[in-house]
Amino acid sequence: MIKTTGISFIYFFILCLSTLSAQQKNAHSFKVLPLGVKGGLDESNLSAYMIAPEGSDNYICADAGTVRHGIDVALAGKALNGNADEVLKAQIKGYLISHAHLDHVAGLIMNSPEDSKKNIYALPSVAAVLKDKYFTWKAWANFTNEGDLPHLDKYTYVYLKDQEKIALAGTEMQVTALPLSHGPSYESTAFLISHGNSSLLYLGDTGADRIEKSDDLQQLWAYIAPLIKKQQLKAIFIETSFFDKQPEKLLFGHLTPQLLMEEMGKLAELSGLDALKKVPIVITHMKSFGETAPELAAELNKDNVSGFKLVFPVQGKFLLF
């Protein structure tokens, strides 16, 4: 009887370990709520992603093209609770701005009168555009702590440095910035957002290294490849703006499906193809609308001969990684 009980206990112990392992394997590290997913034209659905660790409502907003309308869509779809003012003021703890083009900052600017105090995290070149062109008292009231007087001091600029990891105030996350090329001499940013041993990579607009005459993406791939090998990178958010038919001279610092796959191939050489195929690749900033939207998605799937896990975000719908 004792022997049988001992064997039963061993089986029970093994079953518990297996269950725990399965739960850990399926556990999510991050939740992402897209407030806007498109690039250009549709001002109601422009790049903005609320990101928080699973189990927390302390979000950072990666880019801010559409903010209030995206919150309204999420509330209507029951993705969020409460009201829009509470989400804007209390749950969004700050903004990561990849670059200062209007389709990435319009929501931040327009909602600034009703927002709460928080940080704007950006590379110095990106913050300079916000300071010199938008929050100037000629284009808009200066709700920041620098630039044209008087400063209303609602937003505080936090200047990011290449590959320097810093805490994101009011959240449980940290961020590391790496520069990108978004057209000749125009700097964009990739944000590696971390929580514990898990990370998520969000890229602002970027062109392919071959077109940009740059090695920014190659340096980024080298930086994140070890995380992919260790299965610590939970997702990559990266743009694909145009169809393959777009002439290279008219890309203006953007990617096509073929160029995306070209860059993913370079990343796979560093991380290993099998490891990279486990990482969801979230397609952002698609400049396609109406009937052309599914056509661009279809072209991405057609060019995806390596079998990467492509994800197409929807405004107001949570993504879990």
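Residues numbered from 1 in each chain as written. Predicted model: local features only at pLDDT ≥ 70, side-chain atom pairs only at ≥ 80, totals over all residues. Heavy atoms only, no water.

Student: Help me understand the overall build of the chain in this model?
Tutor: Along its length, the chain carries ten helices and 14 strands. Against the compact-globule benchmark of 20 Å for 321 residues, the chain has a radius of gyration of 21 Å, which places it among compact chains. In terms of overall dimensions, the chain has a C-alpha envelope of 85 × 45 × 40 Å along the principal axes. Looking at the chain as a whole, 53% of its 321 residues qualify as buried. In the chain, the share of contacts with a sequence separation of at least 24, taken over all contacts with a separation of at least 6, comes to 63%. Averaging the coordinates of the 30 positive side-chain charges in the chain and doing the same for the 35 negative ones gives two points 6 Å apart. (Helix = DSSP H or I, 4+ residues; strand = E, 2+ residues; numbered from the N terminus. Rg over C-alpha atoms; globule rule 2.2 N^0.38 Å. Buried < 20%, exposed > 50% of the residue type's maximum accessible area, 1.4 Å probe, protein only. Contact = heavy atoms within 4.5 Å. Lys, Arg positive; Asp, Glu negative; His and termini not counted. Charge placed at Lys NZ, Arg CZ, Asp CG, Glu CD.)

Student: Teacher, can you tell me more about the pairing of strand S3 (residues 59-64) here?
Tutor: Among the six residues in S3, six count as buried, and that is most of the element. Where strand S2 (residues 48-53) and S3 come together, four bridges link them in antiparallel fashion. Across the sheet, residue Tyr49 finds its bridge partner in S3, namely Ala62. Between the end of S2 and the start of S3, which pair antiparallel, lie five residues, with Gly55 showing a positive phi angle near 90°. As paired strands, S3 and strand S4 (residues 92-96) are joined by three bridges and run parallel to one another. The residue of S4 that forms the bridge with Ala62 is Leu96. (Pairing = 2+ DSSP bridges.)

Student: In this structure, what is going on with the sheet that holds strand S9 (residues 187-195)? I would like to understand it.
Tutor: Within a beta sheet, neighbouring strands are joined by backbone hydrogen bonds and run either parallel or antiparallel to one another. Spatially, seven strands are ordered S7-S8-S9-S10-S11-S12-S13 in an open sheet, and the strand pairing comes out mixed. Looking at strand neighbours, the two that pair on one side only are strand S7 (165-167) and strand S13 (310-311), the edges of this open sheet. Bridge analysis of strand S12 (residues 281-284) against S13 gives two bridges, and the strand direction is parallel. Paired with Val282 across the bridge in S13 is Val311.

Student: Please explain helix H5 (residues 124-134) as it appears in this structure.
Tutor: Because the α-helix completes a turn every 3.6 residues, residues three or four places apart line up on one side. Where H5 is concerned, the buried positions are Val126, Ala127, Leu130 and Tyr134. Around the axis of H5, the buried residues are gathered within 100° of arc, so they sit on the same side. In H5, the exposed positions angled more than 90 degrees off the buried face are occupied by Asp132 and Lys133. In this fold, the buried residues of H5 make contact with helix H4 (102-111), strand S5 (118-122), strand S6 (155-159) and S9. (Arc of directions from axis to C-beta.)

Student: Explanation requested: the pattern of salt bridges in the structure shown.
Tutor: Close approach of charged atoms allows side chains of opposite charge to pair. According to the stated counting rule, one finds nine salt bridges in the structure shown. Of the charged contacts, one joins Lys31 and Asp57 as a salt bridge, the two residues approaching to 2.9 Å between their closest N and O atoms. Taken together, the positions of Lys31 in strand S1 (residues 30-36) and Asp57 in the loop between S2 and S3 put the pair 26 residues apart, joining distant regions of the chain. Judged by its relative accessible area of 12%, Lys31 is buried. Judged by relative accessible area, which is 43%, Asp57 ranks as partly exposed. Of the charged contacts in the structure, one is a salt bridge between Asp115 and Lys118, with a shortest N-O distance of 2.7 Å. Because the salt bridges share partners, they merge into one network encompassing Arg68, Asp72 and Asp85. (Salt bridge = Lys/Arg side-chain N within 4 Å of Asp/Glu carboxyl O.)

Student: Which parts of the structure should I look at to understand the pairing of strand S11 (residues 233-239)?
Tutor: When a strand is regular, its side chains alternate between the sheet's two faces. By the criterion of burial, S11 is predominantly enclosed, with six of the seven residues buried. Pairing between strand S10 (residues 198-203) and S11: three bridges, direction parallel. Looking at S11, one finds that Tyr202 is bridged to Phe237. In this sheet, S12 lies alongside S11 in parallel orientation, the contact comprising four bridges. Considered in S12, the bridge of Glu239 is made with Thr284.

Student: Just checking my understanding: could you explain the packing of helix H2 (residues 68-76) against helix H3 (residues 84-91) for this structure?
Tutor: When two helices pack together, their arrangement is given by the angle between the helix axes and the distance between those axes. As a packed pair, H2 and H3 sit with axes 9 Å apart at the nearest point and diverge in direction by 120°. Considering their axes alone, H2 and H3 lie oblique with respect to each other. Crossing of H2 against H3: the hand is right-handed. Contacts from Arg68, Ile71, Asp72 and Leu75 of H2 reach H3 at Ala84, Asp85, Val87 and Leu88. (Axes fitted to C-alpha atoms, helices over the stretch in contact; angles between N-to-C directions. Parallel < 35°, antiparallel > 145°, perpendicular 65-115°, else oblique. Left-handed = near helix turned anticlockwise from the far one by under 90°.)

Student: Can you walk me through the nonpolar core in this structure?
Tutor: Looking at soluble globular proteins, one finds that nonpolar side chains tend to be buried together. Ranked by internal contacts, the top residues of the largest apolar core, which has 60 residues, are Leu35, Ile51, Ile71, Tyr95 and Phe237. Aside from chain neighbours lying at most four places away, what touches Tyr95 is Ile60, Cys61, Ala64, Leu88, Leu108, Asp115, Lys118, Asn119, Ile120, Tyr121 and Tyr155. Grouped together as the second largest cluster of nonpolar side chains are 37 residues, Ala190, Leu192, Trp221 and Phe242 included. (Core = buried A, V, L, I, M, F, W, Y, C linked by side-chain atoms within 4.5 Å.)

Student: Looking at this model, I keep getting lost on empty space enclosed by the protein. Mind explaining?
Tutor: Any empty space left between atoms is shown by rolling a water-sized probe over those atoms. With the rule as written, the count across this model stands at one cavity of 30 Å³ or more. Of the pockets and cavities examined, the largest cavity occupies roughly 30 Å³. Lining the largest cavity we find Ser47, His104, Tyr202, Leu203, Gly204, Asp205, Glu239, Thr284 and His285. (1 Å grid on protein atoms, 1.4 Å probe; cavity = no way out; pocket = protein on both sides within 12 Å on 5 of 7 lines; lining within 4 Å. Points joined across faces, edges and corners; volume = space filled by probe spheres on them.)

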